[in-house]
Number of protein chains: 2
Amino acid sequence: MEFRLIDRIRERTAQEREDVRLGIGDDAALLAVPTGQELAVAIDTLVEGVHFPAGTAPADIGWKALAVNLSDLAAMGATPAWALLALTLPQPDAAFVDGLADGFAQLAGQHRLALVGGDTTRGPLTLSVAVHGFVPPGQALTRAGARVGDAVLVTGTLGDAAAGLRCLQAPMQMDVRTSMRDVLVGRLNRPVPRLSAGLALRGRASACLDVSDGLLADLGHLCAASGVGAEIDAALLPRSPALLGLFDEVAARDFALAGGDDYELCFTVSAARVAGVQADLARLGCGATRIGRIVAGEGVRVRDAGGGWLEPGRAGWDHFAA
Amino acid sequence: MEFRLIDRIRERTAQEREDVRLGIGDDAALLAVPTGQELAVAIDTLVEGVHFPAGTAPADIGWKALAVNLSDLAAMGATPAWALLALTLPQPDAAFVDGLADGFAQLAGQHRLALVGGDTTRGPLTLSVAVHGFVPPGQALTRAGARVGDAVLVTGTLGDAAAGLRCLQAPMQMDVRTSMRDVLVGRLNRPVPRLSAGLALRGRASACLDVSDGLLADLGHLCAASGVGAEIDAALLPRSPALLGLFDEVAARDFALAGGDDYELCFTVSAARVAGVQADLARLGCGATRIGRIVAGEGVRVRDAGGGWLEPGRAGWDHFAA
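Residues numbered from 1 in each chain as written. Chains lettered and ligands numbered in written order. Predicted model: local features only at pLDDT ≥ 70, side-chain atom pairs only at ≥ 80, totals over all residues. Heavy atoms only, no water.

Moving on: the overall build of chain A. The secondary structure content of chain A amounts to ten helices and twelve strands. Rg of the C-alpha trace for chain A: 20 Å, near the compact-globule value of 20 Å for 322 residues, within the 12% margin. Each of the three principal axes of chain A carries a C-alpha extent, and together these read 60 × 55 × 40 Å. Counting across all 322 residues of chain A, residues that qualify as buried make up 59%. Across chain A, every contact between residues at least 6 apart in sequence was considered, and the portion connecting residues at least 24 apart equals 85%. (Helix = DSSP H or I, 4+ residues; strand = E, 2+ residues; numbered from the N terminus. Rg over C-alpha atoms; globule rule 2.2 N^0.38 Å. Buried < 20%, exposed > 50% of the residue type's maximum accessible area, 1.4 Å probe, protein only. Contact = heavy atoms within 4.5 Å.)

See below:
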């Protein structure tokens, strides 16, 4: 029953905010954007079997549905405020909804984000979350400002989530180091949106986006929006000990280039700003690695460890690849 | 491919608005809420086979996905501004997406609403739309203000959409009057959100919501939120000539009481204001019919034509009825 499910979610995601004038329970929420702030809004959908494997724990699903959206706000340099949740479920399942709401609330609480509205319907398991954040006018990070000569950086490490999915799909022998596997699966199920990094990049990054479809695909979008090309060095790609511990060099490289689901930020800064930005992001815990540079032209080229140009077998995870 | 589908939708829904600082194509849209306005936000999902029958024309699906959300803004007395669309499709189908975008754009254009962001993913056909509108602080209509003695009114006519669905499910003989059938099916597929009525009710209605799950269920929500009860007269329910032409009295009454998918506004006003409100809504084209009154207590009771109390067989369409 729609109303009881919503009530369960509301109870589990309670978050007091002065700017929420009317929350869940009416036809619409009423919200007050602070004076002098623009609103950043994004929506993303997770479908069972497409964006997370069947059998994923409900709390992980709830966390991830919010995380992938907060990652979009991080990429804009926005501060999160409110979310809407549209939940489609095959049948009413209170334990499932409770778990999902708990995972959602766990991440929401870290960022004082309030769930202000929602909808529950019957159908194949699907979650659409819309998020709203604030950013001072003119200070948002976009995809469109990269300039020739800028350095290309990424936060954190790449490829872990895709490798984690591979671990789930192809269970390994008993002798695999399960702690490494758990790290990778954790990166798949509980991505951490780089919100503080996004804030730190305001006024410094010339362009920014989050890596959701894979580095090659997403950096390609950044280049297209900026009217430039990029050259990156495969040898510089930041990869976790867990990824390198469980997969060989070529597999680890390909996960990092095209695996998707990373939810790291990929951004460009002028060469003079690299060291300062790296120091600040190291302080924030995620770090940032310089992986290449912006060049004239278009598209993304990858230099192999040997110095030649790589021909990647796949160009990022494409929902509707032909 | 996500980017091309989004481009098709963007082209078909182009709507210039000064308050859209950055539209579709980045990680988030950037929007400027006018000074002195609060933001009203809502989200609703349509699932194929649940909210519209398989085989519904894509343009009707696109229209309806937006209409049911605009109806929520109408119920708040808000002026629509922006929408997000999360579209899940079994496979990339350009003709389908074009049709859907055209239907969406047709309604959006009537209200100068801009589609500012979206997401396309692979999966069972599902649309979640989030809408954003403006309302001056303190002037929104909510469900919570009905007072004992207030009159209960509804705009337009009730039961048509549910009867239209019945027509689709149980095709009638060739001799049925197809123009009436088309009226009912049109009300199912192309609901008209009562936005101007919602604006006209600002400062006048004591409580308001839109009728999506059926009058009995939704008026029940209004009563619960206001801490009151309601008595309505079955004989006063506004029903269209098409509904009364194709269905007998009992069926027509039940569609009007509990059929759902009406997207009319149900609202309460003090007795002194009824005539003025009715005159204004008649001028706006939808009209408003007085169907009952608010009483002390709780729940909704329906007086039959004979003067007794009706025991309705069903209490509104419940997505997850046990």
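Turning next to the sheet that holds strand β10 (residues 264-269) of chain A. Residues and elements named next belong to chain A. Sheet architecture is open: six strands sit in the order β8-β10-β7-β11-β9-β12, paired in mixed fashion. Bordering the open sheet on either side are β8 (207-211) and β12 (299-303), each of which pairs with just one other strand. Put simply, the sheet's adjacent strands are angled 25 degrees from each other on average, direction ignored. With five bridges connecting them, strand β7 (residues 151-155) and strand β11 (residues 288-295) associate as antiparallel partners. Paired with leucine 153 across the strands is arginine 290, a residue of β11. (Pairing = 2+ DSSP bridges. Axes fitted to C-alpha atoms, helices over the stretch in contact; angles between N-to-C directions.)

Residue and element names in this part refer to chain A. On domain assignment, one finds that chain A holds domain 1 (2-135) and domain 2 (151-303). Averaged C-alpha coordinates put domain 1 and domain 2 at centres separated by 25 Å. Of the residues lining the interface, 24 residues belong to domain 1; the matching set on domain 2 comes to 18 residues. Summed over both partners, the interface of domain 1 with domain 2 buries about 1700 Å², with 58% contributed by carbon and sulfur atoms. (Domains from an automatic or database assignment. Buried area = accessible area lost by both parts, 1.4 Å probe.)

Moving on, we come to the UniProt feature "binding site: Mg(2+) 3" (unreviewed entry) in chain A. UniProt's feature table lists "binding site: Mg(2+) 3" (unreviewed entry) at A:Asp27, A:Asp72 and A:Asp210, given in the numbering used throughout. These annotated residues cover 184 residues of sequence, and their C-alpha atoms sit far apart, with the largest distance between any two at 32.5 Å. Setting aside residues no more than four positions away along its own chain, A:Asp27 makes contact with B:Ala42, B:Asp72, B:Ala75, B:Met76, B:Arg143, B:Cys208, B:Leu209 and B:Asp210. Judged by relative accessible area, which is 7%, A:Asp72 ranks as buried. The contacts of A:Asp72, once residues within four sequence positions are left out, are A:Ala42, A:Asp44, A:Asp210 and B:Asp27. (UniProt positions renumbered as here; feature names shortened; annotations may be inferred.)

Spatially, β5(A)-β4(A)-β6(A)-β3(A)-β2(B)-β1(B) is the arrangement adopted by the six strands of the open sheet, whose pairing is mixed. The sheet terminates laterally at β5 (114-122) of chain A together with β1 (20-22) of chain B, the two strands that pair on one side only. Neighbour-to-neighbour, the strand axes of the sheet open up by a mean angle of 20 degrees, direction not taken into account. Bridge analysis of strand β3 (residues 38-47) of chain A against strand β2 (residues 29-31) of chain B gives three bridges, and the strand direction is antiparallel. Looking at the pairing, A:Ala40 lines up with B:Leu30 of β2(B). On top of the sheet, helix α2 (residues 58-76) of chain A reaches β3, β4 (79-89) and β6 (126-135) of chain A together with β1 and β2 of chain B; it is set at about 35 degrees to β6(A), its chief contact. Sheet contacts for helix α3 (residues 94-110) of chain A: β4, β5 and β6 of chain A; angle to β4(A), the most-contacted strand, approximately 165 degrees.

Quick look at the packing of aromatic side chains now. If you walk through the whole model with that rule in mind, you get four aromatic pairs over all chains. On the numbers, 5.2 Å between centres and 80 degrees between planes, the contact of A:Trp82 with A:Phe134 is edge-to-face. Of this pair, A:Trp82 sits in strand β4 while A:Phe134 sits in strand β6; the two residues are 52 residues apart in sequence, bridging distant segments of the chain. Consider the rings of A:Phe247 and A:Phe255, whose centres lie 5.1 Å apart with planes at 80 degrees: the pair is edge-to-face. The exposure class of A:Phe255 is buried, given its relative accessible area of 4%. Cation over ring: B:Arg301 sits above B:Trp309, and NZ or CZ is 3.8 Å from the ring centre. (Phe/Tyr/Trp six-rings, centres within 6.5 Å; stacked < 30°, edge-to-face > 60°. Lys NZ or Arg CZ within 6 Å of the ring centre and 35° of its normal.)

Before going further, it helps to spend a moment on the packing of helix α4 (residues 160-169) of chain B against helix α5 (residues 178-189) of chain B. All names here are of chain B. Following both chains from N to C, one finds α4 and α5 inclined at 110 degrees, their axes separated by 7 Å at the closest point. One finds that α4 runs roughly perpendicular with respect to α5. Considering how the two elements wind past one another, α4 and α5 form a crossing that is left-handed. Here Asp160, Ala161, Ala163, Gly164, Leu165, Cys167 and Leu168 of α4 come into contact with α5, specifically with Arg181, Leu184, Val185, Arg187 and Leu188. A class-by-class count of the residues in the contact of α4 with α5 yields eight nonpolar, one polar and three charged. (Parallel < 35°, antiparallel > 145°, perpendicular 65-115°, else oblique. Left-handed = near helix turned anticlockwise from the far one by under 90°. Nonpolar A, V, L, I, M, F, W, Y, C, P; charged D, E, K, R; others polar.)

What follows covers helix α10 (residues 274-283) of chain B. Residue and element names in this part refer to chain B. Residues of α10 that are buried include every one of Val274, Val277 and Leu281, and no others. Along the axis of α10, the buried positions cluster into a sector of 70 degrees, meaning they face one direction only. Opposite the packed face of α10, turned more than 90 degrees from it, sit the exposed residues Ala275 and Arg283. If you follow the buried residues of α10, they end up packed against β7 (151-155), α6 (195-201), β10 (264-269) and β11 (288-295). (Arc of directions from axis to C-beta.)

Further remarks concern the relation of the copies chain A and chain B. Under the fitted operation, chain A is carried onto chain B by 0.0 Å of movement along the axis and a turn of 180 degrees, and the coordinates agree to an RMSD of 0.0 Å. The symmetry that links the two subunits is that of a two-fold axis. A share of 97% of interface residues in chain A that are also interface residues in chain B marks the association as one of identical surfaces. (Least-squares fit on C-alpha atoms with pLDDT ≥ 70 in both.)

What follows concerns the interface of chain A and chain B. Many structure descriptions define interface size as the accessible area lost when the parts assemble. Listed per partner, the contact involves 62 residues of chain A and 60 residues of chain B. Of the roughly 5000 Å² buried where chain A meets chain B, counting both sides, 62% is carbon and sulfur surface. Examining the composition of the side of chain A that touches chain B, we find that nine residues originate from one element, β3(A), more than from any other. Looking at side-chain class alone, the side of chain A that touches chain B contains 34 nonpolar, 15 polar and 13 charged residues.

Let us now look at the environment of B:Leu201. Residues and elements named next belong to chain B. Examined against the element boundaries, leucine 201 turns out to sit in helix α6. Assessed through its relative accessible area of 0%, leucine 201 is described here as buried. Through-space distance from the C-alpha of leucine 201 to that of aspartate 280 is 9.3 Å; in sequence the pair is 79 residues apart. With residues up to four places along the chain from it excluded, the contact list for leucine 201 reads Leu141, Cys208, Leu265, Phe267, Val277 and Leu281.

Here we take up helix α3 (residues 94-110) of chain B. An α-helix turns once every 3.6 residues. As a result, residues three or four positions apart point the same way. Residues and elements named next belong to chain B. Under the 1.5 Å per step criterion, the end-to-end length of α3 is 24 Å for 17 residues, consistent within 8% with the ideal 24 Å. Those residues of α3 that fall on the buried side of the exposure criterion are Phe96, Val97, Asp98, Gly99, Leu100, Ala101, Gly103, Phe104, Ala105, Leu107 and Ala108. Of the residues flanking the start of α3, the one acting as N-cap is aspartate 93, its side-chain oxygen 3.2 Å from the backbone nitrogen of alanine 95. The positive-phi residue at the C-terminal boundary of α3 is arginine 112, with phi of around 50 degrees. (Expected span 1.5 Å × (residues − 1). Polar contact = N/O pair within 3.5 Å; in protein donor to acceptor, adjacent residues only side chain to side chain.)

This brings us to the side chain of A:Asp98. Residues and elements named next belong to chain A. Within the secondary structure layout, aspartate 98 lies in helix α3. Residue aspartate 98 is classed as buried on the basis of its relative accessible area, which comes to 11%. When sequence neighbours within four positions are dropped, the list of residues in contact with aspartate 98 reads Arg8 and Arg12.

Right, let's talk about the environment of A:Gln278 for a bit. Residues and elements named next belong to chain A. With respect to the helices, strands and loops of the structure, glutamine 278 is situated in helix α10 (residues 274-283). For the pair glutamine 278 and alanine 32, spaced 246 residues apart in the sequence, the C-alpha separation amounts to 35 Å. Discounting chain neighbours no more than four positions away, the residues touching glutamine 278 are Leu153, Ala288, Thr289 and Arg290.

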